[in-house]
There are 2 protein chains.
Amino acid sequence: MHRTKVRVAEDALDANTTIAQANRADFDRESVRVVNLMSAPGAGKTTLLEAVFREGLGALRAGVLEGDVQGSLDADRLAHFHVPVTQINTDGGFGGECHLDANMVRSALGEVPLDEIDLLIIENVGNLVCPAEFRVGEDAKAMVCSVTEGEDKPLKYPLMFRTCELVVVNKIDLLPHLDYDLDKLIYNIEAVNPGVEHMLLSARTGEGVEGFRDWLVRAGDREGAPA
Amino acid sequence: MHRTKVRVAEDALDANTTIAQANRADFDRESVRVVNLMSAPGAGKTTLLEAVFREGLGALRAGVLEGDVQGSLDADRLAHFHVPVTQINTDGGFGGECHLDANMVRSALGEVPLDEIDLLIIENVGNLVCPAEFRVGEDAKAMVCSVTEGEDKPLKYPLMFRTCELVVVNKIDLLPHLDYDLDKLIYNIEAVNPGVEHMLLSARTGEGVEGFRDWLVRAGDREGAPA
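Report on the accompanying structure.

1. Concerning the overall build of chain A
Along the backbone of chain A there are eight helices and seven strands. Against the compact-globule benchmark of 17 Å for 227 residues, chain A has a radius of gyration of 17 Å, which places it among compact chains. With the C-alpha coordinates aligned to their principal axes, the bounding extent of chain A is approximately 50 × 45 × 35 Å. The buried share among the 227 residues of chain A stands at 59%. Accessible area of chain A: about 9400 Å², with a carbon and sulfur share of 49%.

2. Topic: the packing of helix H2 (residues 45-55) of chain B against helix H8 (residues 209-219) of chain B
All names here are of chain B. Viewed as axis vectors pointing N to C, H2 and H8 meet at an angle of 80°, and their least axial separation amounts to 10 Å. Taken together, the axis directions place H2 and H8 in an arrangement best described as roughly perpendicular. Residues Leu-48, Leu-49, Ala-51 and Val-52 of H2 touch H8, and the partners they reach there are Val-209, Phe-212, Arg-213 and Leu-216. Residues of the contact of H2 with H8, tallied by class, amount to seven nonpolar, no polar and one charged.

3. Remarks on the pattern of salt bridges
Should the charged atoms of two oppositely charged side chains come close, the side chains can pair. Residues and elements named next belong to chain A. Considering all chains together, one arrives at 34 salt bridges over all chains under this definition. For the salt bridge of Glu-197 with Arg-218, the shortest nitrogen-to-oxygen distance reads 3.5 Å. With Glu-197 in strand S7 (residues 197-200) and Arg-218 in helix H8 (residues 209-219), this pair connects stretches of sequence that are 21 residues apart.

4. A few points about the pairing of strand S1 (residues 33-39) of chain B
All names here are of chain B. For S1, a buried count of seven out of seven residues is recorded, marking the element as mostly surrounded by other parts of the structure. The alternating pattern of S1 places Arg-33, Val-35, Leu-37 and Ser-39 and Val-34, Asn-36 and Met-38 on opposite faces, both of which are buried. Sheet analysis places S1 next to strand S5 (residues 140-146), joined by five bridges and oriented parallel. Paired with Ser-39 across the two strands is Val-144, which belongs to S5.

5. Quick look at the layout of surface pockets
Empty space within the second largest pocket amounts to approximately 820 Å³. Along its surface, the second largest pocket is lined by 35 residues, and Thr47(A), Arg77(A), Glu149(B), Gly150(B) and Glu151(B) are the ones closest to its centre. At the level of elements, helix H2 (45-55) and helix H3 (73-79) of chain A together with helix H5 (153-156) and helix H7 (182-192) of chain B are the ones that each hand at least two residues to the lining of the second largest pocket. Classifying every residue of the lining of the second largest pocket by side-chain character gives 11 nonpolar, 10 polar and 14 charged.

6. Observations regarding H8(B)
Residue and element names in this part refer to chain B. Taken as a whole, H8 has its buried residues at Val-209, Phe-212, Arg-213, Trp-215, Leu-216 and Ala-219. For H8, the arc enclosing every buried residue in end-on projection is 160°, short of the 170-degree limit, so these residues lie on one face. The inward-facing, buried residues of H8 contact S1, H2, strand S4 (119-123), S5, strand S6 (166-170) and strand S7 (197-200).

7. A few points about unusual backbone geometry
All names here are of chain A. If you check the backbone angles, His-82 has positive phi at about 55° while not being a glycine. Mapping His-82 onto the fold places it in the loop between H3 and strand S3 (85-89). What makes His-82 exposed here is its relative accessible area of 76%.

8. Notes on the sheet that holds strand S4 (residues 119-123) of chain A
Residues and elements named next belong to chain A. Across the sheet, seven strands lie side by side as S3-S2-S4-S1-S5-S6-S7; this open sheet has parallel pairing. At either margin of the open sheet sits one strand with a lone partner, and together these are S3 and S7. Across the sheet, the axes of successive neighbouring strands diverge by a mean angle of 20°, strand direction being ignored.

Cut-offs used in this document
- Residues numbered from 1 in each chain as written.
- Chains lettered and ligands numbered in written order.
- Predicted model: local features only at pLDDT ≥ 70, side-chain atom pairs only at ≥ 80, totals over all residues.
- Heavy atoms only, no water.
- Helix = DSSP H or I, 4+ residues; strand = E, 2+ residues; numbered from the N terminus.
- Rg over C-alpha atoms; globule rule 2.2 N^0.38 Å.
- Buried < 20%, exposed > 50% of the residue type's maximum accessible area, 1.4 Å probe, protein only.
- Areas by Shrake-Rupley, 256 points an atom, 1.4 Å probe, with all protein chains shown as cover.
- Axes fitted to C-alpha atoms, helices over the stretch in contact; angles between N-to-C directions.
- Parallel < 35°, antiparallel > 145°, perpendicular 65-115°, else oblique.
- Contact = heavy atoms within 4.5 Å.
- Nonpolar A, V, L, I, M, F, W, Y, C, P; charged D, E, K, R; others polar.
- Salt bridge = Lys/Arg side-chain N within 4 Å of Asp/Glu carboxyl O.
- Pairing = 2+ DSSP bridges.
- 1 Å grid on protein atoms, 1.4 Å probe; cavity = no way out; pocket = protein on both sides within 12 Å on 5 of 7 lines; lining within 4 Å.
- Points joined across faces, edges and corners; volume = space filled by probe spheres on them.
- Arc of directions from axis to C-beta.

Here is the structure:
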């Protein structure tokens, strides 16, 4: 019984990898770099993207693929910035899927103007578990963790912190009002993903957002990408 | 292909329902009431339980079943209060399961001293999607939502808010430091689950925790439960 369950899961991940490679081929054909942006619910992914788009990304043309169980609240927020935004809702699954997988992304690619953008930011469903398990064809994974969530999250959700190339620590404007040990968070991040890049910022006040903007510009740089 | 996928999901939920009923029968046999406590990561479930156990539950004997992907950080915190705590780790699944299901709870029941408690609090994995989809044999579902997560969460994760008998709004001590519209949250909760009980509190300062303690005492009342 347990064996069978594991095999089904492995099959699902194998199928996902195959479709992720097909997505990757499409992105490469159009020279589009892709960032998979993940976090717990309410950690501030959309507010961070709003802060970035408010300043702009220079010559880099960005698009967003917005993943939500239901609705288009975040997509509507980002549409104000004249960035092409495509919505994926995951509530076709039973009760709603808690993550994007390669096939869901693939099903939406026809609506994404890949030939008009350099960087596609995929805003995943708010969840610290399953989004980390499914590659979607991205170049890099980044996560946002909010200081309001406590310092223990890297130890409780290690795969998410381990799988990312960047950990954004958000809502630092609230630090004076919390019992929070930032050193402990950094220590815990290092414990599960030694040497991973991290940055501190407040999407709300704008403090430190420039660092994330620069990271996105580097992530979207087509130098070295297949022509 | 899509048909098959949906059928597998339905089969999984049917199997879950059967096992949840077996759990329910065990709980009834021992006259134990069960609360399934859910939230996003870092919303404050464990801090709230700490605040409750600090004051105690009167004559009510409580136990905790602690669900985490990995580790026993929360169980260790609660063990200080001389409450029986049993840990379930979900990382047997691929990368870690993002929720507790009836079978995971069943596999741990041998370790739970059902004959010594009146109320079992199941602290689910931090996630606003899948935990709402799997009954585990509970009498009531409660969720904690933190004001730091934004007012839009009921609309983005409607099943979670719809499936609960109680919505605890936590971290209200931070309201003066946030751009947050509490009326909007209440409006959104009402939109997806009209008339659902909700309460405002701060597990950190203790403000309003008494209300949740009283709710637990009522939830644990065996009056009307099978002998």
